[in-house]
Amino acid sequence: MVKQADFAVEQYMDKYETGIKFNLGETCCHSMTIQEVSNLARVGASDSLVSGIINSRMTYGHIRGSPELKSIISEQIYEGTGLTQDNIIITNGAIGANFLTFYTIVDKEDHIVVVDPSYQQLSSVPEMFGGNVELLKLKFEDKYLPDLKQLRETVTKNKTKLVVINNPHNPTGVVWGNDILEEIVDICRENDCYIFCDEVYRPLYHSVEKAPSSILSFGYEKAISTSSVSKAFSFAGLRLGWIATNDSKLRERFFSKRDYNMISISLIDDKIATFILTHHKKILERNYQLCKDNLDTIQKFIDLSNGKLEWVRPQGGATCFIKVNVKGSKSTMEIGSELAEIHSVLVVPGEVFNHPGFIRVGFGNSKKEIEEGFPIILKYLDSL
Ligand SMILES: Cc1ncc(COP(=O)(O)O)c(C=O)c1O
């Protein structure tokens with residue numbers, strides 16, 4: 001049987017998420033109803049969507065995803081990349097997209113370079129398939145920007161198969177600009193390896209002067225992007241994601257692997273996703289404002305913390321990684337557990353990302369929980 005590491009962040013969230021009063025662990029922008037999207041977009045109560053669903057015969061639908069959904073993704077979400085609907089592989093969430101990418105590409109002993117810290121799936125799944133994972137470490141002191149000289153030394157021709165990054169980045173919220181992405185693509189091109197960017201938080205570029213492009217925009221065929229409607233578009237409950245790539249041979253290999261565990265996604269989810277992505281600009285406007293307001297609120301509490309909390313203020317995404325400077329023997333794991341169990345405030349301890357000394361806070365969620373949760377965190381830290 002394939003050996004599999006426990007997925008620490010998912011297990012931590014599962015332990016505390018329901019039942020908690022102040023959920024600062026959530027990584028999605030505050031979830032929405034279909035009715036709210038209809039109201040934002042000023043389209044009549046989504047009648048045609050409802051009637052489209054209740055009058056649809058429940059076949060498997062389009063095995064590869066409906067042309068309507070795939071063309072909105074290729075033409076609008078990847079605008080300017082030259083992608084067509086044929087380049088989109090629909091999956092169950094970005095988690096399904098990431099898994100399928102590794103399942104298709106990684107063979108035993110392959111050298112895989114993965115950004116660290118990261119969403120654990122990005123390093124544990126390639127390991128599960130026998131890959132040798134080497135970490136590209138990001139540091140607080142470097143504002144979580146990558147050491148490209150080191151990456152150049154790490155990536156090796158005929159050895160490295162895949163470089164895995166995540167932009168905007170979970171847990172730090174750092175955004176790497178086009179200059180960095182371009183250089184990473186160049187390194188991969190020179191070494192003939194795949195570059196895979198988990199873009200599930202794209203296009204949450206609410207706090208940058210210039211939004212970077214998708215990894216597919218740099219003219220390299222072996223580039224892969226994954227994403228979903230969960231984070232930037234507030235519809236995690238649909239469990240709908242995708243892989244996008246210009247590499248047509250690889251695309252067929254993705255579909256062939258997918259045949260054994262998907263057939264198709266739910267026809268209902270396909271229709272709802274098509275509807276919400278049609279109105280994605282309105283959703284993004286709402287979520288940009290939400291993220292910016294919440295970042296300002298968190299900044300206020302960090303300033304009030306007398307140095308107990310420190311951060312590299314995020315420029316994108318919906319998560320930040322806050323450094324906790326408290327004297328004494330309590331680890332951030334203990335701090336996280338006490339905050340959750342005694343004070344009903346959920347933050348994710350850095351230990352879950354193999355980076356003790358930090359807590360991850362989601363800032364795309366409801367303003368109220370952030371405004372009410374942070375004073376409790378500060379009071380608790382003062383009591384230590
Ligand atoms: C970086 C990253 N990739 C993928 C996922 C999975 O997202 P989805 O809900 O689309 O499956 C997450 C969820 O937290 C994530 O943070």
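Definitions and cut-offs
- Throughout this document, residue positions are counted from 1 along each chain, in the order its sequence is written.
- Reporting in this predicted model follows two pLDDT cut-offs: at least 70 for local features of residues, and 80 or more for side-chain atom pairs to be given and counted; totals over whole chains, interfaces and linings ignore these cut-offs and use all residues.
- In computing side-chain values, all of the structure's heavy atoms are included and hydrogens and water are not.
- UniProt positions are given in the numbering used here, feature names are shortened, and annotations may be inferred rather than shown by experiment.
- Each helix is a run of DSSP H or I of at least 4 residues and each strand a run of E of at least 2, with the numbering of both proceeding from the N terminus.
- Any Lys or Arg side-chain nitrogen located within 4 Å of an Asp or Glu carboxyl oxygen qualifies as a salt bridge.
- For each residue, the accessible area found with a 1.4 Å probe, counting protein chains only, is set against the maximum for its type, and the residue is called buried under 20%, exposed over 50%, and partly exposed in between.
- A cutoff of 4 Å decides nearness: a residue is near a molecule or strand if any of its heavy atoms lies inside that distance of it.
- Under the rule applied, a polar contact is a pair of N or O atoms within 3.5 Å (in protein, one hydrogen donor and one hydrogen acceptor; residues adjacent in sequence only if both atoms are side-chain atoms).
- Under the convention adopted here, Pro, Cys and the residues Ala, Val, Leu, Ile, Met, Phe, Trp and Tyr are nonpolar, Asp, Glu, Lys and Arg are charged, and Gly plus all remaining residues are polar.

**What to know about the UniProt feature "domain: Aminotransferase class I/classII large" (unreviewed entry) in the protein chain**
Here is step 1 of the chain: Here the UniProt feature "domain: Aminotransferase class I/classII large" (unreviewed entry) sits at residues 51-372.
Here is step 2 of the chain: Here residues 51-372 is 38% helix and 17% strand, with 41 Å between the C-alpha atoms at its ends.

**Side note on the pattern of salt bridges**
Between side chains of opposite charge, a pair can form when the charged atoms approach closely.
Here is step 1 of the chain: Enumeration according to the criterion identifies 16 salt bridges in this entry.
Here is step 2 of the chain: Its salt-bridge partner being Arg-64, residue Glu-252 comes within 2.8 Å of it at the nearest N-O pair. Taken as a pair, Glu-252 in helix α9 (residues 248-258) and Arg-64 in the loop between α3 (47-54) and α4 (67-77) lie far apart in primary sequence, 188 residues in all.
Here is step 3 of the chain: Classification of Arg-64 as partly exposed rests on a relative accessible area of 32%.
Here is step 4 of the chain: Note that Asp-107 and Lys-161 form a salt bridge whose closest N and O atoms lie 3.1 Å from each other. In this pair, Asp-107 is assigned in the loop between α5 (93-105) and β3 (111-116) and Lys-161 in strand β5 (residues 160-166), connecting sequence segments 54 residues apart.

**Some words on the site of the ligand**
Here is step 1 of the chain: In the vicinity of the ligand there are 15 residues, among which Asn-170, Asp-198, Ser-228, Ser-230 and Lys-231 approach most closely.
Here is step 2 of the chain: A distance of 2.7 Å separates an oxygen atom of the ligand from a polar backbone atom of Ala-94.
Here is step 3 of the chain: Residue Arg-239 places a side-chain N or O atom 2.8 Å away from an oxygen atom belonging to the ligand.
Here is step 4 of the chain: Ranked by residues supplied to the shell around the ligand, first place goes to α5 with four residues.
Here is step 5 of the chain: Here the shell around the ligand is composed, by residue class, of five nonpolar, seven polar and three charged.

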